[in-house]
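# Coordinates in review
Residues per chain are reported as follows:
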Amino acid sequence: MEEQQLRKKILVATKWSSITEIIAKIIVPLTTIILARVLAPEAFGVIATITMIISFVEMFTDAGFQKYLVQHEFKDEKEKHRNANVAFWTNFVLALFLWGLIITFNEQIAILVGNPGLGIVVIVACVQLPLTSFSSIQMALFRRDFNYKTLFIVRVISILIPFIVTIPLAVSGFNYWSLIIGTIVMHVFNAVFLTIKSNWKPTFFYNLKILKEMLSFSMWSLIVAIFIWISAWVDAFIIGYYFSEYYLGIYKTSTIMVNSILGIITGATVPILFSALSRLQNDNIKFNDLFFKFQRLVSALLLPIGIGVFLFRDLVTQLMLGDQWKEASVIIGIAALSNSITIVLGHFSSIVYQAKGKPKLSLLAEILHLVVLVPTIIISAKYGFWVLVYARSLIRIQIIIVHLIIMKLAINIQILKTLKNVLPSLISAGVMWILGYFILRLSESLQWNIFSIVICVIFYFGILLLFPSMRKEISLLITKLLPDKMLKKVYLPFIKRSS
């Protein structure tokens, strides 16, 4: 694929992916805002445990085949479709098998995750496992081809389903069942819509030789996914085991809310970055250049969001969740701060490993992290819920250090160059933090909080644009992503006046 053609596809995909994530990150939190005022934190605690089970099982049903289909270079369409068929049937049969195990041991599983008596709930919720096998392969093929317009349509319709199904059921008193039913309806829609729109349709083809080849790559991705799952859910498991559904509810709802905010940026860029880097995996110069550009732009948007949510955590919690979630503000604040830094300096490294076809590096990083994380979580839980919350955030520093070292030793990406790459964003966000801290001490009113946010945003970008590299990158991104009419009437005249 020629460089100019790839660049064009990346820009078009970024536009559609960005629009998708912006809409999603407006609608999804709005759904949570409404449900948080209808349902108690305990209901979200039940859903958190269900999600923990489903996310664990889904790793095995996917088995890393999505990444394989995106990353692998096929000779032609026929070979790609043959691989897609093998991946699909493997996913589907495995999903049915695992769902059968869940049905058989439903109550034991419910007890294990701290929700005894909810075995039937686990069975019903896990009906989505075979449904996802119908959509996961199509999603991988759309991403491989940078066809984010179709993914935009399915995502937008999917996130509107809670307004049609979940919220009315919650208001009618269905409690956590409203969330479960809404999720199942969403997966049914995804399966049907993507199957209709996809050029590839499942056919009765299977080849053990292809499966063996796919597993040689995907097995490592699966192992990595298991360790990532442990890293993401060990805190929830310990909270569910040692504490009540209330604390599990406020903890997971807070972290999910933070992830949805930060996901405006990561959701729009990570899939595209992986697809693009996979196409450039054999050209180290272009590969590294594209990685640094993405990291630089993402840091410019993600770091101020993380620091901003930390500064205005009380306001964010009040607006997003309401009065019964006041204790969540501390979790939201420190999770936003620590996650934003970790994504920029740590998690982007995993994309590099996968795109280079080296998932073992991701596995190494996760193992080194878990060696420290698991004992930290278990020990801190004995000293109370809030000690665990702070310990979980602070330990993210260790995974950043691990990724930076692996990137230097295995990929030959220098630590100093990585830090220098995001330095403009770090400096600008740091100065904004200091400004925000002092102006917030002047008043606690809602009007002053909103005014302070506007001042911080203007101040941040004012400092950021003093750096020539960031000014050039942001200007290029805006000129490529804005519609032509807005570009000619608004942005270009503004730049002309500014210069």
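It should be emphasised that the depicted structure is a prediction, and the values quoted were computed from it without experimental measurement.

## So, the pattern of salt bridges
- Taken as a whole, this structure holds two salt bridges when the rule is applied.
- Here Lys293 and Asp289 are joined by a salt bridge, their closest N and O atoms 3.7 Å apart. Highlighted residues: Lys293 and Asp289, both in helix α13 (residues 284-311), separated by four residues, approximately one helical turn.
- Using a relative accessible area of 41% as the deciding quantity, one classes Asp289 as partly exposed.

## Some remarks on the packing of α13 against helix α19 (residues 415-440)
- Here α13 crosses α19 at 20°, and the two axes come no closer than 9 Å. In this view, α13 runs roughly parallel relative to α19, as classed from their interaxial angle. Crossing geometry of α13 relative to α19 is assigned as right-handed.
- For the contact of α13 with α19, a count of residues per class yields 14 nonpolar, eight polar and two charged.

## Focus on the nonpolar core
- One finds Ile137, Tyr176, Leu277, Phe291, Leu321 and Phe348 to be the most contacted residues of the largest nonpolar core, which totals 142 residues.
- Per element, the largest residue contribution to this core is 15 residues, and it comes from helix α15 (residues 328-355).
- When near neighbours in sequence (up to four residues on either side) are disregarded, Leu321 contacts Thr32, Ala36, Arg37, Thr253, Met257, Val316, Ala328 and Ile332.

## Some thoughts on the packing of helix α11 (residues 208-242) against helix α17 (residues 385-394)
- Between α11 and α17, whose axes approach to 11 Å, the crossing angle comes to 175°. If you check the angle between α11 and α17, you find them roughly antiparallel. Counted together, Ser231, Asp235, Ile238 and Ile239 of α11 and Phe385, Leu388 and Arg392 of α17 form the full contact between these two elements.
- Of the residues that constitute the contact of α11 with α17, the class distribution is four nonpolar, one polar and two charged.

## What about unusual backbone geometry?
- Although it is not a glycine, Asn175 adopts a positive phi angle of roughly 55°.
- Structurally, the position occupied by Asn175 is in the loop between α9 (166-171) and α10 (176-197).
- You can call Asn175 partly exposed: its relative accessible area is 34%.
- Phi angles above zero are rare outside glycine, and Asn412 is one such case at about 65°.
- Among the secondary structure elements, Asn412 is positioned in the loop between α18 (396-411) and α19.
- Judged by relative accessible area, Asn412 falls into the exposed class, the value being 55%.

## Focus on the environment of Ala410
- Mapped onto the fold, Ala410 is located in helix α18.
- For Ala410, a relative accessible area of 33% gives the class partly exposed.
- Counting along the chain gives 49 residues from Ala410 to Leu361, while the straight-line C-alpha distance between them is 8.1 Å.
- Once residues lying within four places of it in the same chain are set aside, the contact partners of Ala410 are Lys358 and Leu361.

Cut-off values and rules
- Residues numbered from 1 in each chain as written.
- Predicted model: local features only at pLDDT ≥ 70, side-chain atom pairs only at ≥ 80, totals over all residues.
- Heavy atoms only, no water.
- Salt bridge = Lys/Arg side-chain N within 4 Å of Asp/Glu carboxyl O.
- Helix = DSSP H or I, 4+ residues; strand = E, 2+ residues; numbered from the N terminus.
- Buried < 20%, exposed > 50% of the residue type's maximum accessible area, 1.4 Å probe, protein only.
- Axes fitted to C-alpha atoms, helices over the stretch in contact; angles between N-to-C directions.
- Parallel < 35°, antiparallel > 145°, perpendicular 65-115°, else oblique.
- Left-handed = near helix turned anticlockwise from the far one by under 90°.
- Nonpolar A, V, L, I, M, F, W, Y, C, P; charged D, E, K, R; others polar.
- Core = buried A, V, L, I, M, F, W, Y, C linked by side-chain atoms within 4.5 Å.
- Contact = heavy atoms within 4.5 Å.

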